[in-house]
Amino acid sequence: MSKIIILGAGPSGSSCAISLLKAGHEVTIIDRSHFPRNAPGETLHPGIEPLLKELGVSRILENGYFMRHEGIESLKESQSKFIAYNEDEAWKGFQLFRADFDHQLLNEAIGLGAQFIPKCTISKLSTNQGFVESIEVNNTVINVDFIIDATGKRAWLANELGVRFSWKGAQKIAYYGYVKEASFQPENPRIEWDENGWTWIARVKDDLTAWVRLDLDVHRKVDNDWIPTKLKDGKSTGGRKAVDVTWRIAEPCSFANCFLVGDAAFVLDPGASHGVLKAIMSGMMAAHLIEQSKTHSMAKIHEHYNSWMQNQFDHDVTKLRELYEKYEVKTNANNV
Ligand SMILES: Cc1cc2nc3c(=O)[nH]c(=O)nc-3n(C[C@H](O)[C@H](O)[C@H](O)COP(=O)(O)OP(=O)(O)OC[C@H]3O[C@@H](n4cnc5c(N)ncnc54)[C@H](O)[C@@H]3O)c2cc1C
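Small disclaimer: the values here were computed from a predicted structure and weren't measured.

So what's going on with helix H4 (residues 98–111)? Residues and values would help.
Note: α-helices contain 3.6 residues per turn, so residues at a spacing of three or four share the same orientation. The end-to-end C-alpha distance of H4, which contains 14 residues, comes to 20 Å, matching closely the 20 Å that a straight helix rising 1.5 Å per residue would cover. Looking at H4, one finds that the buried residues are Arg98, Ala99, Asp100, Phe101, Asp102, Leu105, Leu106, Glu108 and Ala109. At the exit of H4 stands Gly113, carrying a positive phi of roughly 115°.

I'd like to hear about the sheet that holds strand E13 (residues 164–168), residue by residue, with values.
Strand pairing in a sheet relies on backbone hydrogen bonds, with the paired strands running either antiparallel or parallel. On the basis of which strands lie adjacent, the open sheet formed by 3 strands has the order E13-E19-E22 and antiparallel pairing. The two strands at the open ends of the sheet, each matched to only one other strand, are E13 and strand E22 (266–267). With 2 bridges joining them, strand E19 (residues 247–251) and E22 adopt antiparallel strand pairing. What sits directly across from Ile249, in E22, is Phe266. Strand contacts of helix H7 (residues 298–326): E13, E19 and E22, with the helix running at about 165° to E19, the strand carrying the most contacts.

How would you summarise the pairing of strand E10 (residues 131–137) if you had to cite specific residues and measurements?
Judged from the 5 bridges that link them, strand E9 (residues 124–128) and E10 form a sheet pairing that is antiparallel. Along E10, the bridge assignment pairs Thr127 with Val132. As defined by bridge partners, E10 adjoins strand E11 (residues 140–143) across 4 bridges and the pair is classed as antiparallel. In the strand pairing of E11, Ile135 is matched with Ile142.

Kindly report on the sheet that holds strand E5 (residues 71–76), identifying the contributing residues and their values.
The mixed open sheet is built from 7 strands, whose spatial order is E6-E5-E15-E16-E17-E14-E18. Every interior strand has two partners, whereas the edge strands, strand E6 (79–84) and strand E18 (235–244), have only one. Between one strand axis and the next, the sheet turns by 20° as a mean value, whatever way the strands run. Pairing of strand E15 (residues 190–194) with strand E16 (residues 197–205) involves 5 bridges; the strand directions are antiparallel. Residue pairing across strands places Ile191 opposite Trp200, the latter belonging to E16.

Could you give me a rundown of the pattern of salt bridges, with the residues and numbers involved?
Taken as a whole, this structure holds 20 salt bridges when the rule is applied. With a shortest N-O distance of 2.6 Å, Glu251 and Arg164 are connected by a salt bridge. A residue pair is termed long-range when its members are at least 10 positions apart, and Glu251 in strand E19 and Arg164 in strand E13 qualify at 87 residues. Classification of Arg164 as exposed rests on a relative accessible area of 53%. Residue Lys294 pairs with Glu291 through a salt bridge whose shortest N-O separation is 2.8 Å. Owing to a relative accessible area of 57%, Lys294 belongs among the exposed residues under this scheme.

Explain the site of the ligand to me, and be specific about the residues and the numbers.
What surrounds the ligand is a group of 32 residues, the closest being Ser12, Asp31, Arg37, Thr43 and Asp263. Contact distances for the ligand include 2.8 Å between an oxygen atom and a side-chain N or O atom of Arg37. Here Gly275 contributes a backbone N or O atom positioned 3.1 Å from an oxygen atom of the ligand. Out of a free accessible area of 1,000 Å², the ligand has 93% covered by protein chains.

Break down the packing of aromatic side chains for me, citing the residues and quoting the values.
The geometry of an aromatic ring pair is captured by two quantities: the separation of the ring centres and the angle between the planes. Per the counting criterion, the structure on display carries 10 aromatic pairs. On the numbers, 4.2 Å between centres and 0° between planes, the contact of Trp193 with Tyr327 is stacked. Separated by 134 residues along the polypeptide, Trp193 in strand E15 and Tyr327 in the segment after H7 bring together distant segments of the chain. Ring pairs connect the aromatic residues Phe146, Phe259, Tyr305 and Trp308, which therefore count as one cluster. When the ring centre of Phe184 is taken as origin, the NZ or CZ atom of Lys230, which lies over that ring, is 4.8 Å away.

Definitions and cut-offs
Residues numbered from 1 in each chain as written. Predicted model: local features only at pLDDT ≥ 70, side-chain atom pairs only at ≥ 80, totals over all residues. Heavy atoms only, no water. Helix = DSSP H or I, 4+ residues; strand = E, 2+ residues; numbered from the N terminus. Expected span 1.5 Å × (residues − 1). Buried < 20%, exposed > 50% of the residue type's maximum accessible area, 1.4 Å probe, protein only. Pairing = 2+ DSSP bridges. Contact = heavy atoms within 4.5 Å. Axes fitted to C-alpha atoms, helices over the stretch in contact; angles between N-to-C directions. Salt bridge = Lys/Arg side-chain N within 4 Å of Asp/Glu carboxyl O. Near = heavy atom within 4 Å. Polar contact = N/O pair within 3.5 Å; in protein donor to acceptor, adjacent residues only side chain to side chain. Areas by Shrake-Rupley, 256 points an atom, 1.4 Å probe, with all protein chains shown as cover. Phe/Tyr/Trp six-rings, centres within 6.5 Å; stacked < 30°, edge-to-face > 60°. Lys NZ or Arg CZ within 6 Å of the ring centre and 35° of its normal.

Now the structure itself:
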């Protein structure tokens, strides 16, 4: 049994914790926030269903509480096209409130025996030849066999340890917000393309709709009180927020006794529309490889994890470039 510290209780951290606990490891999850905590990213790809089944927590999705959809409505110059997840429409995605989903996933990990320390950050990290040997939290020193960075875009551990990130393409800022009681309630998530970028609208709960705006000209900022025209008769709630979603990957994503998972390992803009799926996949993979370290060398394990993550990132970067080219989005940089 290994002692594993997971920093961050988002989908990547909780799914990693569940897999590790099932394999008999001792897991402590530390998050700087109280849960439930808000997070953007409400449209979940159907692929999360088999993953949650594999984790043994598919009941989270089975209670009928989260809304289902069969595909995405894509619009360009008033021409609308429905893009189904698959042709026989058997695959359905989810529209949900991330605060609820993330909290339920974390509770599954706690139910399996994870110790959860909320509203806390590491005050001291002790390393020896690149290995994290111990951490200090709440004046207590904890020895560590493995440590997982699941801190999302902050990539706290990666930054503390001086991991380099490889940045791709032009800088991208995603703006997002929520609107209550708008009369426009699309059944399926909807992406509307224009020459400068796209606007995403998705219902997350009855009477609550999320929007995201990404303009490929980073200098064209979205005003604080901006909301999409379609939602104008609703009430904006919580204000608009901005996040740097420039494509980037940690090099490496794993080393010594550290694994970076989810957004801590790589970030793509939300046009990729499967950040949560990738977060859960990488959390599960890191846990699987920690288990494999009983029989395989760490060199092999890191080689496998790093090439698996790099291949996904490269594939998604190519797909996103094709998408922006297809919809003829203008950019202020030579390179999308
Ligand atoms: C505007 C926007 C829209 C998006 N839309 C979608 C979508 O529709 N579908 C989709 O699949 N994905 C979407 N995404 C991407 C998705 O939100 C992320 O890929 C996903 O949340 C990554 O999960 P994670 O577990 O890696 O990180 P997170 O969910 O970000 O969780 C990280 C956790 O780490 C904690 N933390 C941070 N720093 C520390 C620290 N120092 N110590 C301890 N804890 C710390 C945070 O409090 C947080 O709980 C969107 C992203 C954005 C920005």
